[in-house]
Amino acid sequence: MLINHAFFSQHWQRKPLLLRQAVRLPENSPDKKLLFSLAGDENIETRLVLEHGERPWEVHYGPFSSTELDQLPGSRWTILFQDMDKHLQEVAELLAQFEGMPRWRIDDIMISYAADRGSVGPHTDEYDVFLIQAAGKRRWQINEDTLADRSLVPGLDMKILQHFESEQEWLLEPGDVLYLPPGVAHLGVAEGECITWSVGFRAPSAGELFAHWADEKLRNVSNIRYSDPDLQLQAHRGEIQPQAIDRLRTMLLSALEQETADFAEWFGRFITEPKENLQPFPREPSGSSAGIRGLFTGGARLCRHPASDILYTQENGHLYLFCGGHSYDLPQRHLPLAILLSGQDCWSADDLDEWLDDEPAARMLCDLYEQGFIQID
Ligand code: SIN
Ligand code: CO
């Protein structure tokens, strides 16, 4: 296990941590050959970072053909593969090492393949990251000084620090892990070709939350309009009187307050919405939940779609289950079902037995299946 009580109290969001030989990656971990073939897949978000392209730290977006890959220089470039936990089961399995971490905080596992001396330059990330050395060696240098000059080199495709002075460095070998909290400057340079997995965390910004939330709620509040039946003659026509400003502020804040009453329901949908390229395909609706048992025929199991996290929360007496940007308002007695669905990736008929004859539960399972959020293993 990569995390425990001591990790949370001493390191999480506070201090870097180097763990030697902390993970054993599966035998079938993606190697260079597999990664190069996946670089041509248009459903996988890939970026190539060339330290010396036509400009420094040049970024190209995939997919990349094998001819393009063959023409790359012998050193100093990296290809980054986003969301590999959604694309490869053997990668997703690493997340079992993070038991005890709220799942909604985990964003993805990015895999990088670097040619010799390849790196993405000195930078900081705005979220926590576990850098796991999967193959080959990478030298990591870090700087924890939050007062250091963090200005960026202007005009580049990447956010590269103008000044980076290493305070500590380590050579990571396969199985070694480096945890970095947000804001620690780091530079990881491959020594020979290497593969690194980065478990990145989600930390929505207030701007991001506000933009999505307001976009959805705008239509509810757009017909609440300013009114002032107590208006009186005023001496200077140009003045916006303090009472008007107060009234406007109150109008806005009470609309916000009214609309945040179901904030939990909104947030669950927001945080489970899959990215465009990872959306599951819905199936034909069956119109009935009676067939749900039939999905387990022959000992089959149901599993969640790799990009459809299942989460739940409780607020104001409601129990909400979320998946794929949808919410289900469940009766309280469904709490064990919500824990079961969100706590495992697959379920047998035995796991779900008591719920399959419970009409509202069966209807929700049927909807999850029809939306493509859960599927036959
Ligand atoms: C990499 O894998 O090359 C970059 C990961 C990071 O710096 O966050
Ligand atoms: Co980074």
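Going by the structure above, here's the rest.
First, a word on scope: everything that follows refers to the structure included in this document. (Residues numbered from 1 in each chain as written. Chains lettered and ligands numbered in written order. Predicted model: local features only at pLDDT ≥ 70, side-chain atom pairs only at ≥ 80, totals over all residues. Heavy atoms only, no water.)

### What to know about the packing of aromatic side chains
For clarity, the threshold we go by: Classification of ring pairs uses Phe, Tyr and Trp, with its six-membered ring standing for Trp, and accepts pairs whose centres are within 6.5 Å; under 30 degrees between planes counts as stacked, over 60 as edge-to-face, and the remaining range as tilted. In DSSP terms, a helix is any run of H or I states spanning at least four residues, a strand is any run of E spanning at least two, and both are numbered starting from the N terminus.
Applying the stated rule across the entire model yields 22 aromatic pairs. Taking the centre distance of 5.6 Å and the plane angle of 65 degrees together, the rings of F7 and F8 count as edge-to-face. Each ring, one from F130 and one from F201, has its centre 6.0 Å from the other, and the planes form 50 degrees; the classification is tilted. Linking F130 in strand β6 (residues 129–143) with F201 in strand β9 (residues 185–201), this pair joins segments that are 71 residues apart in sequence.

### Here we look at the sheet that holds strand β11 (residues 310–315)
Note the cut-off: Should DSSP find at least two bridges between two strands, the strands are regarded as paired. Fitted lines through C-alpha atoms give the axes, limited to the stretch in contact for helices. The angle between two N-to-C directions lies from 0 to 180 degrees.
On the basis of which strands lie adjacent, the open sheet formed by three strands has the order β11-β12-β13 and antiparallel pairing. Each edge of the open sheet carries a strand with a single partner, namely β11 and β13 (326–330). In this sheet, neighbouring strand axes are inclined to one another by 25 degrees on average, regardless of whether the strands run parallel or antiparallel. Note: strand β12 (residues 318–323) against β13, five bridges, orientation antiparallel.

### A short note on the pattern of salt bridges
What counts is decided by this rule: Salt bridges, as used here, are contacts in which a Lys or Arg side-chain nitrogen is within 4 Å of a carboxyl oxygen on Asp or Glu. Each residue's exposure class comes from its accessible area (1.4 Å probe, protein chains only) as a fraction of the maximum for that residue type: buried when under 20%, exposed when over 50%, partly exposed otherwise.
Going through the model one piece at a time under the given rule, you end up with 26 salt bridges. Between R249 and D246 there is a salt bridge; the shortest N-O distance is 3.4 Å. One end of the pair is R249 and the other is D246, both in helix α7 (residues 242–259) and three residues apart, which spans about a single turn. Residue R249 is classed as partly exposed on the basis of its relative accessible area, which comes to 48%. Taking the relative accessible area as the measure of exposure, D246 reaches 44% and is therefore partly exposed. It is possible to trace a salt-bridge network through shared partners that takes in E45, D83, D85, K86 and K275.

### Quick look at the coordination of the cobalt ion (ligand 2)
Angles between donor atoms at a metal ideally measure 109.5 degrees for a four-coordinate tetrahedral arrangement and either 90 or 180 degrees for a six-coordinate octahedral one. Here is the rule: Any nitrogen, oxygen or sulfur atom within 2.8 Å of a metal ion counts as a donor, with the limit raised to 3.2 Å for Na, K and Ca, and since water is left out, coordination shells can look unfinished.
Looking at the cobalt ion (ligand 2), the protein donor atoms are H123 (NE2), D125 (OD) and H186 (NE2), and they sit 2.0 to 2.1 Å from it. Coordination of the cobalt ion (ligand 2) draws on donor residues from a single chain, spaced H-x1-D-x60-H in sequence. Here H186 lies in strand β9 and H123 lies in the loop between β5 (106–114) and β6, a separation of 63 residues in the sequence. The pair formed by H123 and H186 is uniform in burial state, with each residue classed as buried.

### Thoughts on the state of the cysteines
The term disulfide refers to a covalent linkage connecting the sulfur atoms of a pair of cysteines. What counts here: In plain terms, two cysteine sulfur atoms within 2.5 Å form what is called a disulfide here.
With the rule as written, the count across this model stands at one disulfide. Here C303 pairs with C346 through a disulfide, and the sulfurs are 2.1 Å apart. Measuring the twist about the S-S bond at about 105 degrees, one finds the C303-C346 disulfide to be right-handed. Here C303 is found in strand β10 (residues 302–304), whereas its partner C346 is found in strand β14 (residues 346–347), with 43 residues between them in sequence.

### Observations concerning the site of ligand 1
Cut-off, in case you're wondering: We call a residue near a molecule or strand as soon as one heavy atom of that residue lies within 4 Å of the molecule or strand. Here a polar contact means two N or O atoms within 3.5 Å. Within protein one must be a hydrogen donor candidate and the other an acceptor candidate, and residues neighboring in sequence count only if both atoms are side-chain atoms. Here the accessible surface of atoms and residues is derived via Shrake-Rupley with a 1.4 Å probe, and residues count as covered only by protein chains that are part of the display. Gly is placed with the polar residues, together with every amino acid not listed as nonpolar (Ala, Val, Leu, Ile, Met, Phe, Trp, Tyr, Cys and Pro) or charged (Asp, Glu, Lys and Arg).
Close to ligand 1 lie M110, S112, V120, H123, D125, L131, R138, W140, H186, T196 and S198, which account for all nearby residues. In this structure, S112 approaches ligand 1 through a side-chain N or O atom, which is 2.7 Å from an oxygen atom. D125 is positioned such that a nitrogen or oxygen atom in its side chain is 3.2 Å from an oxygen atom of ligand 1. Across the complex, the protein chains shield 95% of the 260 Å² of accessible surface that ligand 1 would expose by itself. The set of elements that each furnish at least two residues to the shell around ligand 1 consists of β5, β6 and β9. Among the residues making up the shell around ligand 1, the classes are represented as four nonpolar, five polar and two charged.

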